[in-house]
Every structure is written in structure tokens, then in C-alpha cells.
Amino acid sequence: MAAPTTWQFKEGVTPDAGSFVPAPKGSGELEQITGRPTTYWSDAIRRIRRNKLAVVGFWIIIALFVIAIFGPMVSPYSYEDQNLENTFQSPTLQHPFGTDQLGRDQMTRVMYGSRISLAVGIVCAALNFLIGVTYGGIAAYFGGRVDDIMMRIVDILYGIPTLIIVILLTVLFKDKGVSPLVNVFIAIGLTYWLPMARIVRGEILSLKEREFALAAKTIGAPNNRILFKHLIPNAMGPIIVTVTLEIPSAIFTEAFLSYIGLGVSAPVASWGVLASDGTEAIRSFPYLVLFPALAISLTMFAFNFLGDGLRDALDPRLRQ
Amino acid sequence: MNENNILMRIQDLTTNFHTYAGVVHAVDKMTLTVPKDSVVGIVGESGSGKSVTMMSVMRLIPNPPGRIEGGHVWFDGAALGMPDRMEKNGPNKGMVDLLSLPGDAMMKVRGRHISMIFQDPMVSLNPVLTIGLQMTESMVAHGLATNEEAWKRAVEMLALVGIPNPEERMRDYPHQYSGGMRQRVMIAMALSCSPELVIADEPTTSLDVTVQAQILELMKELKAKLKSSIIIISHDLSIVAGIADKVVVMYAGRILEEADVYDLYEKPGHPYTMGLMKSVPRLDAENRERLVPIEGSPPDLLAPPVGCKFAPRCKYAMNICREQEPPLVTIGEGHRARCFLHHPTAPAVPGFVKVG
Amino acid sequence: METILKVEHLKKYFAINVGGPFARHMASLKAVDDVSFEVGRGETLGLVGETGCGKTTVGRTIVGLYAPTAGTITYCDENLCALSREAMRKVRSKLQMIFQDPYASLNPRMTVGNIIEEPMDIFNIGTMAERRERVQELLRTVGLNPEHTNRFPHEFSGGQRQRIGIARALAMNPEFIVADEPISALDVSIQAQIVNMLEDLQQNLGLTYLFIAHDLAMVKHISDRVLVAYLGKIVEVDESNDIYKHPLHPYTKALLSAVPIPDPRIEMQRQRIVLKGDLPSPVNPPSGCHFRTRCPIAQPICAEQEPELRDMGSGHMVSCHFAG
């Protein structure tokens, strides 16, 4: 099919004398921006919305916060109200989770427990973030001997089972006048930053050779500015994912510690304490263990799903 | 045009990418004829659609988000050995539409009748397989040879592309080769099944200048010795000047100019081609005259401008250029251009050879 | 012409691990191996070469990204290596760099305005209002719309991003700019825009450039003088007008003959000097003249004795035993 040598014009376009006159150039037309409206974050949000499990996880966490804050306020019972005539009640409308051996409403106690767990989650996430990011960032940024030494320390600490360190620390601080909850914070905060340090180190190592980091150096930026203003913000994706996935570990660890009696203890109602108390009556009154255990599992699932979803959404390679 | 002379005819090929931001019109009604035993150069910048066109021919467009929306890719049926799929009548008699082939039939075409050389030899070779294995793989997979025959032929091909001690080099791994040698291996692999068409997509872009010269000289030698047609894609006008018989200039998914190589450089018929030539410094230039750039940037393919896609950047744009896209008209022997400046009513422009 | 930058016997070696998994040992990658040259104020000095020649390392060492293994860099008569950190920072604002990759040289999380403003922020120059104005002025200077200060880099095209990078380099009124392959990653039709802009800026602001590239035609076009580098050494120095007509070093001759020219009449007939062999490893460069393994006129003396950079007259320098 030979190309047309005749000129064919669209309908409605009839060339006249004016058609072949040079067109005026619009000013500024040339340096347009493509104006693509997405940023890294809006792209990520769009992607995570498509991940049903992650969305479910997100809403469960929101529900958890709402229940933790408002639940105990709304409940007609407090976590320590005893009613010795009402002990060991199976779940009823009045006591949807039943009552325990002292007649305390389980549902209220589970809701109180969520406060503890969330507090642990948030505080440990914060400590994890602060310690891990700074440690990993400094190791990666300075490299060489500094990196070697710092990461060898991490490797050594990694080799020691975390739970043992946590138990040791809680035993150490147990009778020193530190509240048991703060004890748990310290123990978890001091041990759970290791994966974050490694991940951040890996990210910063690759980022620091990128040209924008070199450019920051050439314009005279001091080291801390380069690290905290340029490198770490660009590593936020993996950092957020790691924090989100560390939270369920922290929550579980607190529950475990309380279960074995090293964390908070009665009458404070952490899920671990509840589970511990309930275990004694597990044969006859299984619901006493069931609800706290369900709460722990559900919370952990929620954070894990959200974390996985975030990991996929924030992966720059999958960017569209 | 005598159909016996034509190896491949791309006709009204249109490929779009459906992204969340909209539809990217990557290739728009592209029509191109590739004669047998010739070299066609496709020149274009990023976004011109040159690579997407060839990936569409090979049907390697990822789907989603890409989709070949229309057109045909007619290929010499006798060469393919698919007599039952050939067109019986009409201008494409004796040719097979590659776009209509089912997946497994197309797989038989790739590597055997049409092969491709990619830009970056560092990543195009499998690092865990020996060169020998990779070279023989294609021949054996297409049933052209047994393992031993393929091995012998591979050694011949390596010698043909100038690899010293080919027998021993067959047992080496890609990381033991330099960049230039790896590209030679890619060329040898592409030629191993004696394809009728070789598509080289920016074959020298990632190589050093002296290595690039080696590869270009090699390709010139192969052009003289072999019967395959070659399509060379490049963003560099200078590279195709030494090897192509015909050159096609693409922009925003369409052809703006197509000509015999001597005509294109001596009598360019499109402001874009002229602009490219003026904006590139020549090594043999006498003085350091200021370059004349093409103002502006390539168009956004999500929302391309109405009318001629080059008009926003064109020094000579007229009112009609903003309203309607010019058709590709013949302005000389084998020379077509897509520009209203060739219309009889259009004013004469200094430095522009107007026809018609 | 007043000399603004003097590089003397500069060496930069990198310690790297070589050998397979069972034979790892440390070796020295001699990226820059005794390089000396001078740059005059207001001049554009081109530095051209292929992979492994050390040109990027030279640029980065001058700007202070790497510390030299040996040698001195003197800027306006001040020895950069001997300066205190404070003094070095002041000099740093006069010596700036433009990078190759427009997609990686801007922090994707910062707005364009913040990117350009950052040098002023670091050195605490000007009030917020003054800085804002300067940023807009700089955007205008590089041909961009000053209203786009709140946009992010990914919203701009490659050529526009490169302009932003140039605006950042200009923020502190530098005198000397090292341009490391500033146009290699751009489309052909955009390259000329940036090159012209760099030439205009040089004239208007009195800048001196070290223009590093592998595109010989572009280097010859923009530079006053050209340095040809091979495997960490300078093999030829000449005026850019002269080097195409009278190359003296065999590598320069091969390099010039390798560059394609957009003219089929020339290209189809061309007899190229095709170098044999491959680039030797910079960890283990050949003894004597580094180029001898690929040189068409190599003699025994080339393996024994390293040629010196000799002046062949009017500043044309070659390091070859048989040049001239």
C-alpha cells in the first residue's frame, strides 16, 4: 500500500489562505510539566487499597484503637469490679465474654488489656525506630571499620535468643522500683531494634552512593544532614514496613512475659495475665482463655497483614 | 513494489499501553516496508516508539498493560514455511500476518526467522550458563541441529564475529567476557539460526566508542556476507549513516520521514530531521559554531497534541499544523515525509527542499 | 590566562577485593595514576576517555568527594588538601559539580525549591524571603518556570531535571564547575539546549568548566582544550580545534577514527583504525605505557619505559615514545 501522494484533510478542515500562515507560539508552552499527580505515597496508597487483607488488617487496627480508648469508658463495669455472686459465668448478653473467678466482667478486662498491648506496640515501635534507624544509619553512612564493629555487635546480640535477654532484663529490674509495664518497655525496646538496624543499614549503604547523596556532599552538607535529611527519608518505605511487622512481636512478647508472671500482674489486665489466669480453669471454663487468646491472635494477624501489604505497596520496583 | 522483494511489511501498527494514568499511545498507525537483504535504520529519541514497534513485531509486548490495538505485520510466507497461513490474494499475497499467529506458532518464528539483539549485553546473557550452552540452545530448540551440530555451528559463528579461540571460549561464562565480546556473542546468537530478519535495538549504546566502532565494522562485514535483512534502531543519526540502506525517523509513535540514506542526510524533508542534524556537533566541523537545538521537550504520550505531534516544537509550524496531522506523502524516489511544508500552498522556507 | 586550578601528580587508588570466593585478597584499583594539568580562569577544559580511564574519579576528587591517594590540587593558589574543614567548606562553595543522571541527582523527597535552596540553607545565607527570590531567579536563569518551586523532581522531564541540578550548582555563585557527563543521559534534541545554556552561563557568569564526557564530538565542540585519558593517565593534551586535525597519540587517533559522523558518504567509505584486544584491568595495568597492549605501533621499549607527557609545541602534549 503506497503512501498517499494526495493530501487528505479531515472533515471540517478546509485549508484556506490562513492555514499555511505560521502559527504563533504560545509562551511558556515549551517548558510544561507533565503534571503527573502522583507521589510515591499516593501511588503506594492506591496499591495497598487493592490488597484486601491489608485493608482488613488496617480496619481491625483502627477498631482496636477505638476499643482501647473508648471501650472501658463505655462499659458499665471496671476491670476490677468484683461480683462474687457472679463468678464463672459463661458468655451472656450481660457479660459477652463471661466472668472470671472473682466475677469480673471479662469483656471489660479484655478491652483494658488492649490498652496495654497497644501501649507496648507503640512504645516499642518508637524505640525500635529511634534506636534501630540511628544505629543502622550511622553504621552504613560511615562504613569501613565503624560499620564492621557496629554490625559485629549486632551479629553477636542476634545470636542470643531475644526472649532470654528480655527475661533477664525483667528479672534484673523487677524489684528496683520500676513499674512492671515500664520494665517490659525497657526489655523489649533494648532488644527488638536489631532487625531494623540491619535493614536500615542495607538501605543506606545503597542510597549513599546515589548521585543526590553525592550532590549533597558537594554543596557542603555536613554528615548528619546528609544522613537524616537525605538518606533516611528515602529509606522510609522499608522502615515503615519493619516497624509495622515488629509490633506484633512486641505485643506477643509482652503477653508471654505477663503469662509467665514477669510482666504486669494482677489486678492489671493485660491479655497475657488474662490468659494466664484463664489457663487454670481451661478444662471447665475455656472461654476465659479463649477471648484473650483470640484478641492476641487477631491483633497479630492484623499487623502482619498490614505490614505485608505495606511491603508490597512501598516496593519501588513495583511502581507503576 | 514487487512482493518478491519485500521481507516484511508493517501496516498501520498501533500499540497502546493502558496505565492507571491513562492510555499511552506508544505507536500510532506505523507503516514500514523492509526489503529483503537490506538494512533499515530507525532513528528516534525516547518516546518515539521505535523499540515498542519492534517489540510489537516480535509480540513481546507485556500484556497488561500493553496491547497491540490494530494493524498487521506481513512477513514473507515462503521464508516462514507456513503455506497454509499465507494470504491468497491482494497486495499481501504470499505473506503471513504475524499478529494473527497463535502463541506457539509465534514462538517458532522468534529466534528462527526473526531474532533480536538487545542494548545491554551485560544483562542479556544468562550468567549461570556457559556461552556454548546459550548459543546452542536456540538451534536445538528450533530443531535445526543436534547438540553436536549446533556446537560446531556455534563455534563457526563465534569465529565469524571475531572471537579469538572460539573452541575454548564456548566453555566460558558471560562474566569472563568483556562488553564488546558479549555483544559479539549476542550477534552470533542472533545469527545462529540464519534468520531472515535481525532486529538490533540500540546495539552499541552501552558500549565504549572504540568498542562501538568494532561492532559497527563487524555489522558492516556481516551485511556484506549474509543474506539477512537487518533493522537497526538507534537514537544516534551517525550510527545508522554508515550501515543503513534506508533510514526512518520516528517521533511520538509515528514516522516523520523515510528515505534512502544518502537522501536523508543530504536533503532532509522534515523540520525534525533537519533540527536533529543541526543540534548534533560533528567531529569534523571546522569551527565551534553554536548548536541549534530543537526547543521544548518530546510530547506527553498520554495526551499528545492535536495535529502534527512535532508542531509545538517546530520553527515552521503553521495554523494547519495545529489542526490536523499531515499525512505521509511521497516527496521523491523512496522518500516520504509527514509535513505540510510540502503542500503546494505552503510558503517556501529557507534551507528546506520542498517538493510537490 | 590566570591559572585557577592546578592538579599535580594526582593519584587515586581504591582498595578492592579481587579473586574468586576461595582466593580473595586486597588489590589496588589505580583509577587515577599520576595525572597533572592546569585549568585557566574562564576556560572550558574537556576531559575525554572511555570506561576505566579515570575521568569521573578525577572530577570527584577535585570536588572533594574522594580524598586523593597522592598528589595535590591547588585552587586559586590554595592547596585544597591542606585546608582545615572550615576553610575547605568555604572553598567548596566555589567548586561545584553537575552530575550525569538527572533521575538520580535530585532527592526525590524534596521539592525543587528546597533542592536549589539547600546550599544557602547549609551556609546560612540570606533570609527566607531572600532565598526564595534567589531560587526563583535561578530557575529563570536555567530556563524554567519560577512558579514550580513546590513541585517534586519526578514531575519534570530529564532535561528539566538537569537544569534544576545546574541551578543548584549555581546557587552559591561558584567559579569552577566540574560537569561530569552532564548530557549523556539526555535525548539528543535536548542535549544541544543544555550545552548552549552552559555556554551562555559561562559567558554571563564568568565560569570555568571541567567538562567530562565520553562523546568526543561534544567535548570538542564545547571545550577550548581537550585532555585525552586512558586507564588512569593523560595521553594527549591539545586545543580542541587542533586535535582532530593533528592527533599525535595512537590512542587519540583510534578514538577519533571510531567516532561516527552523520554523513553516509563519509561513513560508508571510512577505513577505521580498529583497536585490537580489550581494555586491560585497572587493577593490573600493563607495565610501561598503559596503552601498549592495544597499540598498533608498540615496540619493546614501550613495555619497559613509561613515556612522559612531552610538550610538542604550543601546549600540545603527548605521552608516547614515537609521537611527532
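Residues numbered from 1 in each chain as written. Chains lettered and ligands numbered in written order. Predicted model: local features only at pLDDT ≥ 70, side-chain atom pairs only at ≥ 80, totals over all residues.

J.: So what exactly am I meant to see when it comes to the overall build of chain B here?
T.: Looking only at helices and strands, chain B features 13 helices and 12 strands. Seen through its C-alpha atoms, chain B measures out along the principal axes to roughly 65 × 55 × 45 Å. Out of the 356 residues in chain B, the part that is buried amounts to 51%. (Helix = DSSP H or I, 4+ residues; strand = E, 2+ residues; numbered from the N terminus. Buried ≥ 20, exposed ≤ 12 C-beta atoms within 10 Å, placed from the backbone.)

J.: Looking at this model, I keep getting lost on the sheet that holds strand 6 (residues 95-98) of chain C. Mind explaining?
T.: What links the strands of a sheet is backbone hydrogen bonding, and the strands pair in either a parallel or an antiparallel sense. Residue and element names in this part refer to chain C. Strand order in this open sheet of 8 strands is 6-7-8-3-9-10-12-11, and the pairing throughout is mixed. Two strands in the sheet have a free side with no partner beyond their single neighbour: strand 6 and strand 11 (310-311). The sheet contact formed by strand 3 (residues 44-49) and strand 8 (residues 208-213) spans 5 bridges and is parallel. Of the residues in strand 8, the one forming a bridge with Thr 44 is Tyr 209. (Pairing = 2+ DSSP bridges.)

J.: In this structure, what is going on with the interface of chain C and chain B? I would like to understand it.
T.: Interface size is commonly expressed as the accessible area that is lost once the parts come together. On the chain B side, the residues contacting the 37 residues of chain C number 37 residues. Going through the elements one at a time, helix 6 (188-205), helix 7 (216-222), helix 9 (250-258) and helix 10 (264-269) of chain C are the ones with two or more residues in the side of chain C that touches chain B. At 7 residues, the largest contribution of residues to the side of chain C that touches chain B is made by helix 6 of chain C. Residues belonging to the side of chain C that touches chain B are distributed by class as follows: 21 nonpolar, 8 polar and 8 charged. (Contact = placed C-beta atoms within 7 Å. Nonpolar A, V, L, I, M, F, W, Y, C, P; charged D, E, K, R; others polar.)

J.: Could you clarify how one ought to interpret helix 8 (residues 211-218) of chain A in this entry?
T.: One full turn of an α-helix is made of 3.6 residues, so residues set three or four places apart face in the same direction. For helix 8 of chain A, the buried fraction is high: 7 of the 8 residues fall into the buried class. Among the residues making up helix 8 of chain A, those that are buried are A:Glu211, A:Phe212, A:Ala213, A:Ala215, A:Ala216, A:Lys217 and A:Thr218. Lining the buried residues of helix 8 of chain A we find helix 7 (194-207) and helix 9 (223-234) of chain A together with helix 1 (55-63) and strand 6 of chain C. Looking one or two places after helix 8 of chain A, you find A:Gly220, whose phi comes out positive at around 100°.

J.: I'm lost on the packing of helix 5 (residues 131-141) of chain B against helix 8 (residues 179-191) of chain B in this one. Help?
T.: Any two packed helices are characterised by the angle at which their axes cross and by the distance between the axes. Residues and elements named next belong to chain B. In the contact formed by helix 5 and helix 8, the axes pass within 8 Å of each other and the chain directions differ by 25°. As judged from the angle between their axes, helix 5 and helix 8 are roughly parallel. Judged by the sense of rotation from one axis to the other, the crossing of helix 5 with helix 8 is right-handed. Contacts from Ile 131, Gln 134, Met 135 and Ser 138 of helix 5 reach helix 8 at Val 185, Ala 188 and Met 189. Its residues placed into classes, the contact of helix 5 with helix 8 shows 5 nonpolar, 2 polar and no charged. (Axes fitted to C-alpha atoms, helices over the stretch in contact; angles between N-to-C directions. Parallel < 35°, antiparallel > 145°, perpendicular 65-115°, else oblique. Left-handed = near helix turned anticlockwise from the far one by under 90°.)

J.: Any chance you could explain the confidence of the model for chain B here in plain terms?
T.: Detailed reading of the predicted model is not advised wherever pLDDT is low. For chain B, the mean per-residue pLDDT works out to 89, and 99% of the residues sit at or above 70. Reported confidence for the predicted complex is 0.88 by ipTM and 0.87 by pTM. (pLDDT = per-residue confidence, 0-100.)

J.: Explain the interface of chain A and chain C here, please?
T.: Facing the 20 residues of chain A at the interface are 30 residues of chain C. At the level of elements, helix 8 and helix 9 of chain A are the ones that each hand at least two residues to the side of chain A that touches chain C. Considering each element in turn, the side of chain A that touches chain C owes the most residues, 6 residues, to helix 8 of chain A. Of the residues contributing to the side of chain A that touches chain C, the split by class is 7 nonpolar, 8 polar and 5 charged.

J.: What is the right way to look at the pairing of strand 10 (residues 254-260) of chain B in this model?
T.: Taken residue by residue, a regular strand's side chains alternate between the two faces of the sheet. All names here are of chain B. Burial runs high along strand 10: 6 of the 7 residues are buried. Taking the residues between adjacent antiparallel strands as the criterion, strand 9 (residues 246-251) and strand 10 are bridged by 2 residues, where Ala 252 takes a positive phi near 50°. As paired strands, strand 10 and strand 12 (residues 335-337) are joined by 2 bridges and run antiparallel to one another. Bridged to Glu 258 within strand 12 is Arg 336.

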